[in-house]
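Descriptive analysis of the structure
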Amino acid sequence: MACDRNNLIGEKGKLPWDIREDWDYFLKITQNGILIMGRHCYDEFEEHAKNRKVIALSRNPDHHFPHAHKASSLTQSLQMAKNFSEKTVWICGGRNIYEEALPLADRLYLTEIDAEYSGDIYLPVWGTYFTKEISCQTLQTNSAELTFRILSK
């Protein structure tokens with residue numbers, strides 16, 4: 001998950017920022033795993049889905065994802081993920097999927113962006129689940145300071 005200093009994560013189904021270093025970090029750490037994401041996240045990620053194992057969620061039976069497997073729920077997607085050889089499953093949003101996955105996840109990869117953006121979707125409360133910091137790295141970019149945290153329960 002990535003958020004601004006006000007815990008904002010989205011604007012009408014898209015990221016409210018375009019920070020190359022944040023995107024590169026996400027692509028690097030998730031490259032050998034299975035990515036589970038909602039429809040809006042998939043729409044933004046579609047060009048990268050060609051080279052990844054992706055499970056996209058939609059309850060609409062007529063919705064198809066050209067470069068992803070489809071599931072109708074987080075539970076179904078997690079069952080599907082067990083059939084792949086990759087061992088790491090990444091929950092990639094959106095908010096409702098994050099909220100449902102937080103009690104199930106072992107770790108939280110959180111990128112905090114020290115800037116404010118406009119948007120309408122905010123991070124669900126995660127602090128009660130993830131209380132131990134495993135690592136923390138800070139990077140100054142042209143647009144903002146990024147803090148990459150890895151947390152566990």
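Refer to the preceding data block for the structure.
**Some remarks on the packing of aromatic side chains**
A complete count under the given rule lists 7 aromatic pairs for this structure. Here W17 and Y117 contribute two aromatic rings whose centre-to-centre distance is 5.4 Å and whose plane-to-plane angle is 55 degrees, an arrangement assigned as tilted. Of this pair, W17 sits in the loop between strand 2 (8-10) and helix 1 (20-30) while Y117 sits in the loop between strand 7 (107-113) and strand 8 (121-122); the two residues are 100 residues apart in sequence, bridging distant segments of the chain. For W17, a relative accessible area of 6% corresponds to the buried category. We classify Y117 as partly exposed; its relative accessible area is 25%. Grouped by ring-pair contacts, the aromatic residues W23, F26 and F45 constitute a single cluster.

**Some words on the pattern of salt bridges**
By the definition in use, this model includes 7 salt bridges. E86 is the partner of K53 in a salt bridge, and the nearest nitrogen-oxygen pair spans 3.1 Å. Here K53 is found in strand 4 (residues 53-57), whereas its partner E86 is found in the loop between helix 3 (74-81) and strand 6 (89-91), with 33 residues between them in sequence. In this structure K53 comes out as partly exposed when scored by relative accessible area, which is 31%. Among the ionic contacts, a cluster of salt bridges with common partners joins R5, D114 and E116.

Reading the values: the criteria
Residues numbered from 1 in each chain as written. Predicted model: local features only at pLDDT ≥ 70, side-chain atom pairs only at ≥ 80, totals over all residues. Heavy atoms only, no water. Phe/Tyr/Trp six-rings, centres within 6.5 Å; stacked < 30°, edge-to-face > 60°. Helix = DSSP H or I, 4+ residues; strand = E, 2+ residues; numbered from the N terminus. Buried < 20%, exposed > 50% of the residue type's maximum accessible area, 1.4 Å probe, protein only. Salt bridge = Lys/Arg side-chain N within 4 Å of Asp/Glu carboxyl O.

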